[in-house]
Amino acid sequence: MFKKDFVWGVATAAYQIEGGAFEDGRGLSVWDTFCMEPGNVKFGHTGNFACDHYHRYKEDVALMKELGVKNYRFSVSWSRIIPDGVGEVNPKGIEFYNNLIDELLANGITPYMTLFHWDTPQALEDRGGWKNPDMSDWFAQYARVIGENFGDRVKNFMTINEPQSYLGGYNNRGGMPPKAGYEKRFMIPIIHNTLLAHGKAVIALRETVKDCKISYAPCGDYFYPLDENNSADIEAARKLTFRANDNFDGPHWNVAWYADPIFLGKYPEEHLAGYEQYLPKGWQDDLKIINQPLDFCAQNIYGGRPATTDKDGNPVIVPLKVGFSRMANGWGVVTPKAIKWAAIFLYERYKKPIFITENGMANNDTVTLDGKVHDPQRIDYLHRYIKALSQAADMGVDVGGYFQWSFMDNFEWAQGYNERFGMIWVDYETFERIPKDSAYWYKTVMETNGENL
């Protein structure tokens, strides 16, 4: 079972819900410009209006309170705070997040703030973005502005969300800007620069915010044992989870490459054999900055693959069964064991409380004749995953929190509004909000601390 102080919450991201893209001094982000180019986003959708949260945040917070939400993870739009990424701070941007934070606190909801969820200011991308060595300093300056303006009320932070995903834009993967097509020799220093930016941001937050708790929220390839009672399968899954799976752009989805420097202060030796030659000069000294003390290990987890061994005892990936369960978006597999074993392996390796900062399901939701949105598939998905997470807790893992993705339907990046991950259904023409059945179900889970599972 989950501990008594377990953190239950929901999550969103700024560009996906806010809208107000060209209002009140907000600068352009790479996603604004990416959406402007024909063919980048399905159906030509943009995040210009998204869910109109920028104007309807009070309505959304009221919905959270009605549904029993006590913790809300959201991201800040860097270009809304600092339009050019560095330099002058936009008072209207500060005002919006101040108002949102105050509204959350007035309704008994604890804010969990993510500094960066993929929306790099375009002005910084024009200067090289994450491949520019100065980016880590620019990000640290931004983090200091965040701490100075919101740290009196916000005490929980994540620096960067899923670097594996947005860095895919630098090698043309995953429909992300800037679609640069860089090879491995360029990608390794870009990844290193991102980790360095995280470390400098942690330092800035610690210096400006008293008694704060900080982590960051990566993702990765996860594996679980085909036979959970077979020690060889368990070890195979563990090795595959932290393996050095090289491809043309380097360790793109590797868990260890993105986490070991942050939590252990070193790159994994297995990986360095292939990647050290591409790291920037002085990278060893940077590890001291990257390896800042963190309070928990956050991870975004949706699915994984089973693992076993071959006749020689080597770990191998087992193909999913024909007709395996999957989300409506195509890429999402329904494999609840992945969240259990990821929590176990991450806790073993990094020895920090585990927070699942994203987990949820894309579903083909619609408003039915009764005016409601029935999503039994999402309820079943969440039930299976949260129950599997509780099993990790029963096995001794310090599981500290779970944030469902996403509180509301939103702009799903290159897929536009074609996919619905939310527990709140959104009409993108009228901006009407309708809680789905899963929202009421999740309310009972939070109220009982998962005991009703």
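Before any of the text, the structure's been laid out above.
A few points on the structure. Bear in mind that the values here come from a model prediction, so they are computed numbers and not experimental data.

A look at a nonpolar patch on the surface
A cluster of nonpolar side chains, contributed by Phe-22, Leu-28 and Met-36, occupies part of the molecular surface with about 300 Å² of accessible area. Within the fold, Leu-28 resides in the loop between α1 (14–17) and α2 (30–36).

Some thoughts on empty space enclosed by the protein
Counting across every chain of the model gives three cavities of 30 Å³ or more. In this model, the largest cavity occupies a volume close to 70 Å³. Around the largest cavity, the lining residues are Val-30, Trp-31, Phe-116, Trp-118, Thr-120, Glu-125, Trp-130, Tyr-166, Tyr-170, Met-176, Pro-177 and Pro-178. Considering only residue class, the lining of the largest cavity consists of ten nonpolar, one polar and one charged.

Concerning the packing of helix α9 (residues 184–208) against helix α13 (residues 283–290)
Two numbers describe a pair of packed helices, the interaxial angle and the distance between the axes. Interhelical geometry of α9 versus α13 gives an angle of 40° and a closest axis separation of 8 Å. Between α9 and α13, the crossing angle belongs to the class labelled oblique. Handedness of the crossing formed by α9 with α13: left-handed. Residues His-192, Leu-195, Leu-196, His-198, Gly-199, Lys-200 and Ile-203 of α9 form the contact with α13, whose own contacting residues are Trp-283, Asp-286, Ile-289 and Ile-290. For the contact of α9 with α13, the class distribution of residues is six nonpolar, three polar and two charged.

Section: the sheet that holds strand β9 (residues 315–317)
Pairing is mixed in the open sheet, where three strands are placed in the order β6-β8-β9. Each having just a single partner strand, β6 (223–225) and β9 make up the two edges of the open sheet. Taking the axes of each pair of neighbouring strands and ignoring which way they run, one obtains an average angle of 45° across the sheet. The pairing of β6 with strand β8 (residues 305–309) spans three bridges and is parallel. Note that in β8 the partner of Tyr-224 across the bridge is Pro-306. Contacts from helix α10 (residues 231–241) reach β6, β8 and β9, with the element oriented near 120° to β8.

Quick word on the sheet that holds strand β3 (residues 110–116)
Strands sit in the order β5-β4-β3-β2-β1-β11-β10-β7 across an open sheet of eight strands; the sheet is parallel. The open sheet has two edge strands, β5 (213–217) and β7 (297–300), and neither has a second partner. The average undirected angle you get between the axes of adjacent strands in this sheet is 25°. The pairing of strand β4 (residues 156–161) with β5 spans four bridges and is classified as parallel. Residue Asn-156 lies in a different strand from β5, and its bridge partner there is Lys-213.

Observations concerning the side chain of Thr-194
The topology assignment puts Thr-194 in helix α9. Ignoring any residue separated from it by four or fewer positions in sequence, one finds Thr-194 in contact with Trp-130, Ile-160, Pro-163, Tyr-166 and Leu-167.

Notes on unusual backbone geometry
Peptide bonds are mostly trans, and most non-glycine residues show a negative phi. Here Pro-177 and Pro-178 are connected by a cis peptide whose omega angle stands at 10°. Look at the link from Trp-405 to Ser-406: it is a cis peptide, with omega at 5°. Its place among the elements puts Ser-406 in the loop between β11 (399–405) and β12 (424–426). The phi dihedral of Lys-351 falls on the positive side, at around 55°, and the residue is not glycine. Position of Lys-351 among the secondary structure elements: in the loop between α14 (337–350) and β10 (354–358). On the basis of relative accessibility, which here comes to 63%, the residue Lys-351 falls in the exposed class.

What counts as what
- Along each chain, residues carry numbers from 1 onward, in the same order as the chain's sequence is written.
- In view of the model being predicted, local features appear only for residues whose pLDDT reaches at least 70, and side-chain atom pairs are presented and counted only at 80 or more, with totals across whole chains, interfaces and linings using the full set of residues.
- Side-chain metrics rest on all non-hydrogen atoms present in the structure, leaving aside hydrogens and water.
- Patches in this entry comprise residues that are over 30% relatively accessible and not in a salt bridge; like charges within 9 Å are linked, as are nonpolar side chains (Val, Leu, Ile, Met, Phe, Trp, Tyr) within 5 Å.
- Using a 1.4 Å probe, the Shrake-Rupley method yields the accessible areas, and only the shown protein chains count as cover for residues.
- Salt bridge, as used here: a side-chain nitrogen of Lys or Arg that lies within 4 Å of a carboxyl oxygen of Asp or Glu.
- Going along the chain from the N terminus, every DSSP run of H or I of four or more residues is numbered as a helix, and every run of E of two or more is numbered as a strand.
- Points on a 1 Å grid, built from protein atoms alone, make a cavity when a 1.4 Å probe fits but cannot get out and make a pocket when they are open with protein on both sides within 12 Å along at least 5 of 7 lines; residues with an atom within 4 Å of a point are the lining residues.
- Grid points are joined across faces, edges and corners, and a volume is the space filled by probe spheres set on the points.
- Each residue gets one of three labels, nonpolar for Ala, Val, Leu, Ile, Met, Phe, Trp, Tyr, Cys and Pro, charged for Asp, Glu, Lys and Arg, and polar for the others, Gly among them.
- To get an axis, fit a line to the C-alpha atoms, keeping to the stretch in contact for a helix; angles then go from 0 to 180 degrees between the N-to-C directions.
- For classification purposes, an angle smaller than 35 degrees is called roughly parallel, one larger than 145 roughly antiparallel, one from 65 to 115 roughly perpendicular, and anything else oblique.
- Left-handed describes a crossing whose near helix is turned anticlockwise from the far helix by less than a right angle; the clockwise case is right-handed.
- A contact between two residues is defined here by any heavy atoms of the two lying within 4.5 Å.
- Strands are treated as partners if at least two bridges between them are detected by DSSP.
- Per-residue accessibility, obtained with a 1.4 Å probe over protein chains only, is compared with the maximum for each type, and a residue is labelled buried under 20%, exposed over 50%, and partly exposed between these values.

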